[in-house]
Amino acid sequence: MLDKMLLIDLETQNFPVESGIYEVACLAVEDYEIVDQLYLGKEIPGYTGERRYGFGFYNISENEEYKNKFKKFLGKYPYPIVAHNCSFDRKFLVYYQWIEKDYPAFCSMRAIRIADNTLGSYALHNLVKHFEIADEVEHTAMSDIKNVYEILKKLRPQTWLPVGTKAR
C-alpha cells in the first residue's frame, strides 16, 4: 500500500514524446489526503480554441523555470509518483529530464484494475462514471488528476506494482 504519493498528470497534445509537455499537475497525498499541490502551465494569450490535452498552452518541456519548480516540489515531497497511465507520463518526464529514469513510479490504472478487475475499461472517463466522480473528463491536468485522486480515495488499492514490474 502507498500511504504517501505524488499524483501526477501531464497534458502532451500528442503521443510521441517529442510532442512535449504543456501542463503538469501534482498532488502531494498522505494517507489519501491532499497536503499540497503544484500546477505548471503557461497559457497562450488570446487563444480561443478548446483547452483540452494541453491546447492553448505553451510547450514547457524544456523550460528551466518550470522544471526547477517541479524538482523543488519533488524535493519537498520525495514520494513515489503515481499517474493514471504512468508509463506514458513517465516517459515524458524522463525524456525531458524532469525525473531520473530510476525514480519510483506506479500506475493508478494498474492498481485500480488489481483492486477491481470487473470493469471492461480502466480509461479515466469510464472510471469517473463507474465510481460516480464526475459527469465527464475535462482532459486538463489538474482536473484529471483530481478525478484520479477521488477514485483512489474511494477505492484505496492495496497492491501497487512499480512501473515495469510484471504481474504475478
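Here the residue numbering is sequential within each chain, running from 1 through the sequence in written order. Where local features are concerned, this predicted model is filtered to residues with pLDDT of at least 70; where side-chain atom pairs are given and counted, the filter is 80 or more; whole-chain, interface and lining totals use all residues. The side-chain quantities take in all heavy atoms of the structure and omit both hydrogens and water.

Chemist: I'd like a description of the overall build of the protein, backed by residues and values.
Modeler: Secondary structure elements follow DSSP: runs of H or I of four or more residues count as helices, runs of E of two or more count as strands, with numbering from the N terminus. If you tally the helices and strands in the protein, you get five helices and five strands. For the protein, the N- to C-terminal ordering of α and β elements is β-β-β-α-β-α-β-α-α-α. For this measure, only C-alpha atoms enter the radius of gyration; the expected value for a globule follows 2.2 Å times N^0.38, where N is the number of residues. Relative to the globule expectation of 15 Å for 168 residues, the C-alpha radius of gyration of the protein, 15 Å, shows essentially globular dimensions. Type-normalised accessible area, obtained with a 1.4 Å probe on protein chains alone, sets the label of each residue: buried when under 20%, exposed when over 50%, and partly exposed for intermediate values. Put simply, the protein has 168 residues, and 48% of those count as buried. By definition, residues are in contact when any of their heavy atoms lie within 4.5 Å. By sequence separation, contacts in the protein at least 24 residues apart represent 65% of the contacts at least 6 residues apart. Here the protein has roughly 8,900 Å² of accessible surface; of this, 48% comes from carbon and sulfur atoms. For the protein, the separation between the mean place of its 21 positive charges and that of its 24 negative charges on side chains is 4 Å. Where accessible areas are quoted, they stem from the Shrake-Rupley method and a 1.4 Å probe; at the residue level, only the protein chains shown are allowed to cover. Residues counted as positive are Lys and Arg, residues counted as negative are Asp and Glu, and His and the chain ends are not counted. Charged groups are reduced to one reference atom each: NZ for lysine, CZ for arginine, CG for aspartic acid, CD for glutamic acid.

Chemist: Break down the packing of aromatic side chains for me, with residues and values.
Modeler: Pairing of aromatic side chains requires ring centres within 6.5 Å, counting the rings of Phe and Tyr and the six-membered ring of Trp. Pairs whose planes differ by under 30 degrees are stacked, by over 60 edge-to-face, and all others tilted. Here the structure, examined in full by the defined rule, presents seven aromatic pairs. Taking the centre distance of 4.8 Å and the plane angle of 85° together, the rings of Tyr95 and Tyr96 count as edge-to-face. On the basis of relative accessibility, which here comes to 45%, the residue Tyr95 falls in the partly exposed class. Three or more aromatic residues joined by ring pairs make a cluster, and in this case those are Phe15, Phe88 and Phe92. Taking NZ or CZ as reference, Arg51 lies 5.9 Å from the ring centre of Phe57, over its face. Sitting over a ring, as applied to charges here, requires NZ of Lys or CZ of Arg to be within 6 Å of the ring centre and within 35 degrees of the ring normal.

Chemist: Residue-level account of the nonpolar core, with values.
Modeler: With 56 residues, the main nonpolar core has Leu6, Leu7, Phe70 and Trp98 as its most contacted residues. Counting residues per element, this core draws most heavily on helix α5 (residues 141–155), which supplies seven residues. In contact with Phe70, not counting residues within four places along its chain, are Ile8, Val24, Cys26, Leu38, Leu40, Leu93, Trp98 and Ile99. For the purposes of this section, nonpolar cores are sets of buried Ala, Val, Leu, Ile, Met, Phe, Trp, Tyr and Cys residues that join through side-chain atoms within 4.5 Å.

Chemist: Describe in detail helix α3 (residues 108–115), supporting the description with residues and values.
Modeler: Think of an α-helix as 3.6 residues a turn; residues three or four steps apart then line up on the same face. Here α3 has its buried residues at Ser108, Met109, Ala111 and Ile112. All buried residues of α3 lie within an arc of 165° about the axis, which places them on one face of the element. To obtain the arc, one takes the directions from the helix axis to the C-beta atoms.

Chemist: Any details on the packing of α3 against α5? Residues and values, ideally.
Modeler: Across the interface, α3 lies against α5 with an axial gap of 11 Å and an inter-helix angle of 30°. In this view, α3 runs roughly parallel relative to α5, as classed from their interaxial angle. Here α3 runs over α5; the crossing is left-handed. On α5, the residues touching Ser108, Ile112 and Ala115 of α3 are Val148, Ile151, Leu152 and Leu155. Amino acids outside the nonpolar list (Ala, Val, Leu, Ile, Met, Phe, Trp, Tyr, Cys, Pro) and the charged list (Asp, Glu, Lys, Arg) are all regarded as polar, and Gly is one of them. Looking at the contact of α3 with α5 residue by residue, the classes come out as six nonpolar, one polar and no charged. To obtain each axis, a line is fitted to C-alpha atoms, and for helices this fit is confined to the stretch in contact; angles are then taken between N-to-C directions over 0 to 180 degrees. Roughly parallel refers to an angle under 35 degrees, roughly antiparallel to one over 145, roughly perpendicular to one between 65 and 115, and oblique to any angle outside these ranges. Throughout, a crossing is termed right-handed when the near helix is turned clockwise from the far one, and left-handed when it is turned anticlockwise from it by less than a right angle.

Chemist: Can you explain the pattern of salt bridges? Please cite residues and give values.
Modeler: Between side chains of opposite charge, pairing is possible as soon as their charged atoms come close. Salt-bridge detection follows one rule: a side-chain nitrogen of Lys or Arg within 4 Å of a carboxyl oxygen of Asp or Glu. Tallying each qualifying case throughout the model produces seven salt bridges. The partner of Lys76 in a salt bridge is Asp36, with the nearest N and O atoms 3.3 Å apart. Of the two residues, Lys76 sits in helix α1 (residues 64–76) while Asp36 sits in strand β3 (residues 33–41), which places them 40 residues apart along the sequence. Under the relative-accessibility criterion, Lys76 is labelled exposed at 55%. In this structure, Glu136 engages Arg52 in a salt bridge whose closest nitrogen and oxygen atoms are separated by 4.0 Å. Taken as a pair, Glu136 in the loop between α4 (124–130) and α5 and Arg52 in the loop between β3 and α1 lie far apart in primary sequence, 84 residues in all. Look at Glu136 and you get exposed, because its relative accessible area is 53%. Among the charged side chains, a network of salt bridges with common partners joins Glu50, Arg52 and Glu136.

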